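Residue-level structural notes
Residues per chain are reported as follows:
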Amino acid sequence: MDSTGTCSDAHLAALKKAVAEEIDALAPRLIGISDDIHAHPEIRFEERYAAKLLADTLEGGGLAVERGTAGMETAFKGETGTGQGGPAVAILGEYDALPVLGHACGHNIMGTAAVGAGLALAKVMSGDAARAAGLNGRLLVLGTPAEEGGGGKVIMLREGVLEGVDAALIVHPGNANRAHAESIASFKMDIRFHGRPAHAAASPHQGINALDALVLTYSAISALRQQLKPDVRIHGIITKGGDAPNIIPELTEGSFIIRSADKAYNQEVIAKVKDCARGAALQTGATVEFVETGIPYDPMKSNTVLEDLHRHNMGALGLSEPAEPRRGAGSTDMGNISQALPAIHPSIAIGPATLVGHTREMCDASRSEEGHRAVINAAKCMAMTALDLFLRPELVEKAWAEFRG
């Protein structure tokens, strides 16, 4: 700390070097954990193996660990700090897999990187160099289940787990290194049609065909897309089409996701989709039922103050961003957190620019050599950015000013 009471650049650089060295020392263990989770894929809210492995690792590194956080069996919270006030920074990790495809979104990397950052920070924050630099702060490492549709982060937010937190950091694997990320609002809904069964050959006129209603709805949604803003995405599947081809379908069901960049406009699109289904019900004589599934996700409100810190730390590690902007965006429950406090959702490359998420190629990349490097570099970026905030509390104030503005 210099004569003005502010941490010097030299102190900050030394602590960043120390935390990077700690992560390098942990590298073989972290890579092993990431590959272990990859080999044991678990879908939303069933991530018992991954949650235990990650929580046990944090606990072994000296952090106080709470399991079953926010009433979710597979959530956890690790905590450490100086006990002297200062900013509160949360580093978040995911570890749920996709049905059938496994870790085709790279969440094995995310959960492991968050734990790696937490272990290294816990050790450095308790050392003499941190005390000499005047490091003050509280670190949370949050294990957030069910990003793939279950909204674990939203539940944590609702239950007050992030109360008092000044900044939330996470890094997602992808096909490029980017400090800025966008995500769009997401709403999930099942559409069910109830008809009347009849013998499909002998007396079809006595039936009401619920499958016709669902197919008409699907076609109407396809036609609707032309009259929607370019950022809107509507996609769905038929999950039940009937019981047998010689029975007029009595019950059918489709599962749909409606997304757009603007949360308010997404509500308008949802209303239009429902009208498509109501029109199909009127045409066929079926009755329609709408069932909201999962938790709605908000768009990402990425904080540029935190982005700039992350970008600088990526550069220090030799990670460069592509010149062209990213095209297309998915949805994440990190968007809900970003609407409540300063947050970022950067990406880290685990493959070429042609790599696409939710594919078998992405699953393979999540345990490749490049995927292994991503575990280490993501952990370093988050740990170094946390140090920036702990040692430069004026940046926290700046991030909040942007958020509130």
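Refer to the structure presented above.
Model, not experiment: these values are computed from the prediction. (Residues numbered from 1 in each chain as written. Predicted model: local features only at pLDDT ≥ 70, side-chain atom pairs only at ≥ 80, totals over all residues. Heavy atoms only, no water.)

With respect to the packing of aromatic side chains
- Scanning all chains against the criterion turns up three aromatic pairs.
- Taking the centre distance of 5.8 Å and the plane angle of 15 degrees together, the rings of F76 and Y95 count as stacked. Taken as a pair, F76 in strand β2 (residues 76-81) and Y95 in the loop between β3 (88-93) and α3 (107-125) lie far apart in primary sequence, 19 residues in all.
- The buried category is assigned to F76, whose relative accessible area is 2%.
- Overall, Y95 belongs to the buried group, its relative accessible area being 0%.
- Positioned above the aromatic ring of Y265 is the side chain of K229, whose terminal nitrogen or guanidinium carbon lies 4.3 Å from the ring centre.
- Between K301 and the ring centre of F403, over which it is positioned, the NZ or CZ distance is 4.0 Å. (Phe/Tyr/Trp six-rings, centres within 6.5 Å; stacked < 30°, edge-to-face > 60°. Helix = DSSP H or I, 4+ residues; strand = E, 2+ residues; numbered from the N terminus. Buried < 20%, exposed > 50% of the residue type's maximum accessible area, 1.4 Å probe, protein only. Lys NZ or Arg CZ within 6 Å of the ring centre and 35° of its normal.)

A short note on helix α6 (residues 210-224)
- For α6, which comprises 15 residues, the first-to-last C-alpha distance of 21 Å matches the rise-based estimate of 21 Å (1.5 Å per residue) to within 8%.
- Within the span of α6, buried status applies to A210, A213, L214, T217, I221 and L224. Along the axis of α6, the buried residues cluster in a sector spanning 95 degrees; they form a single face.
- Looking at the buried side of α6, the elements it contacts are β7 (185-194), β8 (233-240), β9 (251-260) and α7 (263-284). (Expected span 1.5 Å × (residues − 1). Arc of directions from axis to C-beta. Contact = heavy atoms within 4.5 Å.)

Some details on the side chain of D388
- Residue placement: D388 occurs in helix α11 (residues 369-391).
- Given the relative accessible area of 5%, D388 is considered buried.
- Those residues in contact with D388 that lie beyond four places of it in its chain are L12, K16, L309, N313 and L395.

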